[in-house]
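Observations on chain architecture
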Amino acid sequence: MPKLGTAAGTLEVLRKYDFHFQKKYGQNFLIDPNKLEAIVEAAGVGEEDCVLEIGPGIGTLTQYLAERAGSVIAVEIDQALIPILSDTLSEYPNVTVINEDILKVDIARLSREKNAGRPFKVVANLPYYITTPIIMKLFESHAPIDLITIMVQTEVAERMQEGPGSREYGALSLAVQYYSRPEIVAHVPAGCFIPAPKVGSSVIRLTRYEEPPVTVKDEAFLFRLIRASFNQRRKTLINGLGNAEGLAVTKAEAAQALRTLGIPENIRGEALSLEQFARLSDLLCQKEAEKKIPADPQTKKNTRIDRQEDE
Ligand code: SAM
């Protein structure tokens with residue numbers, strides 16, 4: 001089987017299997033050998049690595065990865081691609097294809113079963129319709145992953161790198177920068193794919209921190225606070241938090257916390273740095289904890305949020 005990463009090689013496989021693209025799965029296959037090399041190079045894949053690839057498609061990037069990595073686990077949702085992959089990857093015994101939705105895969109378990117619990121390198125040309133949920137899953141599941149090298153929409157790649165004050169800065173920027181150091185490593189024009197996407201694409205590398213750059217008492221609260229702060233962008237932070245669902249914090253408490261930190265009370269969420277969010281989170285999670293109702297020995301439910309959700 002010749003290498004797939006060209007227009008001719010890809011079209012031949014599509015014709016052979018009478019494959020029809022599924023728009024709902026964000027299928028845009030790479031056809032540029034230079035860009036494929038650049039992705040594998042940026043990911044620094046070597047024999048010691050087990051790569052987790054999300055969405056192998058017809059196996060184009062998978063072939064490049066399999067030639068450099070110790071092993072590759074490729075998770076593909078589209079059942080129609082599975083027989084194609086067993087053909088295009090037949091010469092690579094170090095590849096395992098799993099027909100599953102990546103959002104449903106237990107990545108920590110996969111690492112225990114396939115890589116003795118050691119960290120994966122994630123490499124992917126991501127389906128753009130679920131870029132953010134996939135990235136959040138990779139980070140929030142605390143699965144062993146030390147490097148993520150992914151093709152995403154250029155606008156989303158830029159958002160991951162933005163800092164306070166920019167229009168693109170938001171919950172995704174803060175989450176990515178809490179867990180990793182982001183670096184855009186290549187831009188990829190639409191003509192490098194079949195079919196060509198309507199948006200520009202970029203490859204971004206996220207190097208996972210061993211320890212986050214800020215410490216907080218309650219990481220889950222920090223992310224609830226960040227989400228609430230960007231849910232109502234046109235409001236000041238205080239007004240946004242005072243109305244936020246799932247956050248038991250009043251406007252007065254948010255104002256008091258900002259005063260304690262020496263931050264102006266009319267500030268908007270997009271002006272706060274990760275460090276400032278971390279300090280605010282520590283003050284407000286304390287306030288929320290003070291409101292908790294003592295545990296009911298029968299139900300063991302003890303938080304005000306639990307009770308609100310039950311009602
Ligand atoms: N890696 C191939 C390439 O570079 O040519 C294909 C990339 S294409 C942009 C995205 C791939 O992700 C498609 O094969 C699509 O079927 C697959 N995909 C979409 N949603 C998925 C999901 N939830 N879980 C796993 N794979 C998914």
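All values derive from a computational prediction rather than experimental measurement. All chains use their own residue numbering, which begins from 1 and follows the written sequence. Reporting in this predicted model follows two pLDDT cut-offs: at least 70 for local features of residues, and 80 or more for side-chain atom pairs to be given and counted; totals over whole chains, interfaces and linings ignore these cut-offs and use all residues. Note: side-chain values were computed over all heavy atoms of the structure, leaving out hydrogens and water.

Here the focus is the nonpolar core. To form a nonpolar core, buried Ala, Val, Leu, Ile, Met, Phe, Trp, Tyr and Cys residues must be joined to one another through side-chain atoms within 4.5 Å. Using a 1.4 Å probe on the protein chains alone, a residue whose accessible area is under 20% of its type maximum counts as buried, one over 50% counts as exposed, and one in between counts as partly exposed. Formed by 64 residues in total, the largest nonpolar core has its most connected members in Ile150 and Met160. No other element matches helix H9 (residues 219-231), which puts 7 residues into this core. The contact criterion used is simple: two residues touch if any of their non-hydrogen atoms lie within 4.5 Å. Those residues within four positions of Ile150 in sequence are excluded, and the remaining contacts are Ala124, Leu126, Ile135, Ser202, Val203, Ile204 and Leu206. One finds Ala43, Ile58, Val72 and Val123 within the second-largest nonpolar core, a separate group that totals 33 residues. Only DSSP runs of H or I with at least four residues qualify as helices, and only runs of E with at least two residues qualify as strands; both kinds are numbered from the N terminus onward.

Surrounding the ligand, one finds 24 residues, the nearest of these being Gly55, Glu76, Asp101, Asn125 and Tyr129. Leu30 places a polar main-chain atom, nitrogen or oxygen, 2.9 Å from an oxygen atom of the ligand. Between N or O atoms, a polar contact is any pair within 3.5 Å; within protein, one atom must be a potential hydrogen donor and the other a potential acceptor, and residues adjacent in sequence are included only when both atoms are from side chains. Residue Pro56 places a main-chain N or O atom 3.4 Å away from a nitrogen atom belonging to the ligand. Protein contact buries 99% of the 600 Å² of open area that the ligand shows by itself. Taken together, the elements giving at least two residues each to the shell around the ligand come down to strand S1 (29-30) and strand S3 (71-76). Just so you know the grouping, Ala, Val, Leu, Ile, Met, Phe, Trp, Tyr, Cys and Pro go in nonpolar, Asp, Glu, Lys and Arg go in charged, and all remaining residues, Gly too, go in polar. For the shell around the ligand, the residue count by class is 12 nonpolar, 7 polar and 5 charged. Near is defined per residue: the residue qualifies when any heavy atom it owns lies within 4 Å of the molecule or strand. Using the Shrake-Rupley algorithm and a 1.4 Å probe, accessible areas are obtained, with residue cover drawn only from the displayed protein chains.

Now for helix H11 (residues 251-260). Residues of H11 that are buried include every one of Glu253, Ala254, Ala255, Ala257 and Leu258, and no others. Following H11 by one or two positions, Gly262 has its phi on the positive side, about 70 degrees.

This brings us to the side chain of Ser202. The residue Ser202 is located in strand S9 (residues 201-208) in this model. There is a polar contact of 2.9 Å between the side chain of Ser202 and the side chain of Thr154.

This paragraph deals with helix H5 (residues 107-115). Here H5 has its buried residues at Ile107, Leu110, Ser111 and Asn115. Projected onto a plane normal to the axis of H5, the buried residues spread over an arc of 100 degrees and lie on a single side. What points out from H5, more than 90 degrees from its buried face, is the exposed set Arg112 and Glu113. Buried residues along H5 sit against strand S2 (50-54), S3, strand S4 (95-99), strand S5 (120-125), helix H6 (131-140) and strand S6 (145-153). Its side-chain oxygen placed 3.3 Å from the backbone nitrogen of Ala108, Asp106 serves as the N-cap of H5. The directions considered for the arc are those from the helix axis to the C-beta atoms.

The next thing to look at is the pairing of S2. Moving residue by residue along a regular strand, the side chains alternate between the two faces of the sheet. S2 sits mainly inside the fold: 5 of its 5 residues count as buried. Of the two faces of S2, the one holding Cys50, Leu52 and Ile54 and the one holding Val51 and Glu53 are both buried throughout. Looking at chain direction, S2 and S3 are connected through 5 bridges and run parallel. Note that in S3 the partner of Glu53 across the bridge is Ala74. Bridge analysis of S2 against S5 gives 3 bridges, and the strand direction is parallel. Each bridged residue has a counterpart across the sheet, and for Glu53 the counterpart in S5 is Val123. At least two DSSP bridges between two strands are needed for those strands to be called paired.

Our focus in this paragraph is the environment of Glu162. Along the chain, Glu162 falls in the loop between helix H7 (154-161) and helix H8 (171-179). Looking at Glu162, the relative accessible area reads 25%, which means it is partly exposed. Taking the C-alpha atoms as reference points, Glu162 and Ser173, separated by 11 residues in sequence, lie 6.2 Å from one another. Beyond its immediate chain neighbours, meaning those up to four positions away, Glu162 contacts Glu168, Tyr169, Ser173 and Gln177.

UniProt positions are given in the numbering used here, feature names are shortened, and annotations may be inferred rather than shown by experiment. Sites flagged by UniProt as "domain: Ribosomal RNA adenine methylase transferase N-terminal" (unreviewed entry) map to residues 35-210. Note that residues 35-210 is 34% helix and 28% strand, and that its end C-alpha atoms are spaced 29 Å apart.

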